[in-house]
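# Results of the structural survey
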Amino acid sequence: MPAYILTGTPGSGKTAVLRQLEIDGYAVVEEAATDVIALQQALGRPEPWREPGFVDRVLDLQRKRQRATAQPSGVVFFDRSPVCTLALCRHLDLPAPRHLLDEIERLVAERWYERTVFFVRQQGFVQATAARRISFAESLAFERIHELTYRDIGFDLLDVAAAPVPVRAAAIRNRVGRP
């Protein structure tokens, strides 16, 4: 099962591209951080990313979703990965938990993900949501950290430039082939 990471900073349009790929017939695995944030906010915690244990909750959900994708064949797109969680730690100036670093080492050693990562670039703006409280300037700084983190770990980034969603999805489909 070729497992590709689709990533980018908040507001880049990554989720819309992922939805298009899903409609096109590809298997997708949802992003964990957004779901952890949504649940914690529903429980009355307005900024859960600032609380102890946030990174652990994200990593735990990522692992569960990864294990649930044991498909015999077909391309799978992961909406982010533990490497994104490391980039988030770096962006927020949080120490990366040892088990996060261990998980990334394991995934790299096992070649769990394809080496090519689809990096969805910013579109020139960020639409705020309850879970996305980042300015455009902050998102550009995070994009640089995000990119450097993936490169430091040894992944090759394939830029998915700002464009309409169907154009972006087509560029990815052309690279990976049919679902």
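Preceding this section is the structure that the text describes.
Small disclaimer: the values here were computed from a predicted structure and weren't measured.

## Details of the layout of surface pockets
- Taken as a whole, the second largest pocket holds about 180 Å³ of empty space.
- Contributing to the lining of the second largest pocket are L107, V108, R111, W112, Y113, E114, R115, I153, G154 and F155.
- By residue class, the composition of the lining of the second largest pocket is six nonpolar, one polar and three charged.

## Quick look at empty space enclosed by the protein
- A full pass over the atoms with the stated rule returns three cavities of 30 Å³ or more.
- Computed from the structure, the largest cavity encloses a volume of approximately 80 Å³.
- Taken together, 13 residues line the largest cavity, and the ones lying closest to its centre are E30, Q62, F78, D79 and R80.
- Mapped by element, the contributors of at least two residues to the lining of the largest cavity are helix 3 (54-67) and strand 3 (76-79).
- Of the residues in the lining of the largest cavity, the class split is five nonpolar, three polar and five charged.

## Some words on the side chain of S12
- With respect to the helices and strands, S12 occurs in the loop between strand 1 (3-8) and helix 1 (14-23).
- Residue class for S12 comes out buried when judged on its relative accessible area of 1%.
- A distance of 3.0 Å separates the side chain of S12 from the backbone oxygen of T9, its partner in a polar contact.
- When sequence neighbours within four positions are dropped, the list of residues in contact with S12 reads V120, R121, Q122, Q123 and R168.

## Quick notes on the nonpolar core
- Counting residues in each nonpolar core, the largest one holds 27 residues, and the members touching the most others are F54, L100, Y113, Y150 and F155.
- Those elements that place two or more of their residues in this core are strand 1, helix 2 (32-42), helix 3, strand 3, helix 4 (82-91), helix 5 (98-109) and strand 4 (116-120).
- Excluding residues within four positions of it along the chain, F54 makes contact with V36, I37, P48, W49 and L88.
- The next biggest cluster of nonpolar side chains, apart from the first, holds 15 residues, and it includes L6, V28, F118 and I172.

## Some remarks on the sheet that holds strand 4
- Taken together, five strands build an open sheet; the order of strands is 2-3-1-4-5 and the sheet is parallel. Strand pairing shows two members of the sheet lacking a second neighbour, strand 2 (27-29) and strand 5 (156-160), which therefore form its edges. Taken pair by pair, the neighbouring strands of this sheet meet at an average axis angle of 30°, ignoring direction.
- Pairing between strand 1 and strand 4: four bridges, direction parallel. Bridged to L6 within strand 4 is F118.
- Sheet strands in contact with helix 7 (residues 165-176) are strand 1, strand 3, strand 4 and strand 5, and its direction is about 175° off that of strand 4.

Criteria and thresholds
Residues numbered from 1 in each chain as written. Predicted model: local features only at pLDDT ≥ 70, side-chain atom pairs only at ≥ 80, totals over all residues. Heavy atoms only, no water. 1 Å grid on protein atoms, 1.4 Å probe; cavity = no way out; pocket = protein on both sides within 12 Å on 5 of 7 lines; lining within 4 Å. Points joined across faces, edges and corners; volume = space filled by probe spheres on them. Nonpolar A, V, L, I, M, F, W, Y, C, P; charged D, E, K, R; others polar. Helix = DSSP H or I, 4+ residues; strand = E, 2+ residues; numbered from the N terminus. Buried < 20%, exposed > 50% of the residue type's maximum accessible area, 1.4 Å probe, protein only. Polar contact = N/O pair within 3.5 Å; in protein donor to acceptor, adjacent residues only side chain to side chain. Contact = heavy atoms within 4.5 Å. Core = buried A, V, L, I, M, F, W, Y, C linked by side-chain atoms within 4.5 Å. Pairing = 2+ DSSP bridges. Axes fitted to C-alpha atoms, helices over the stretch in contact; angles between N-to-C directions.

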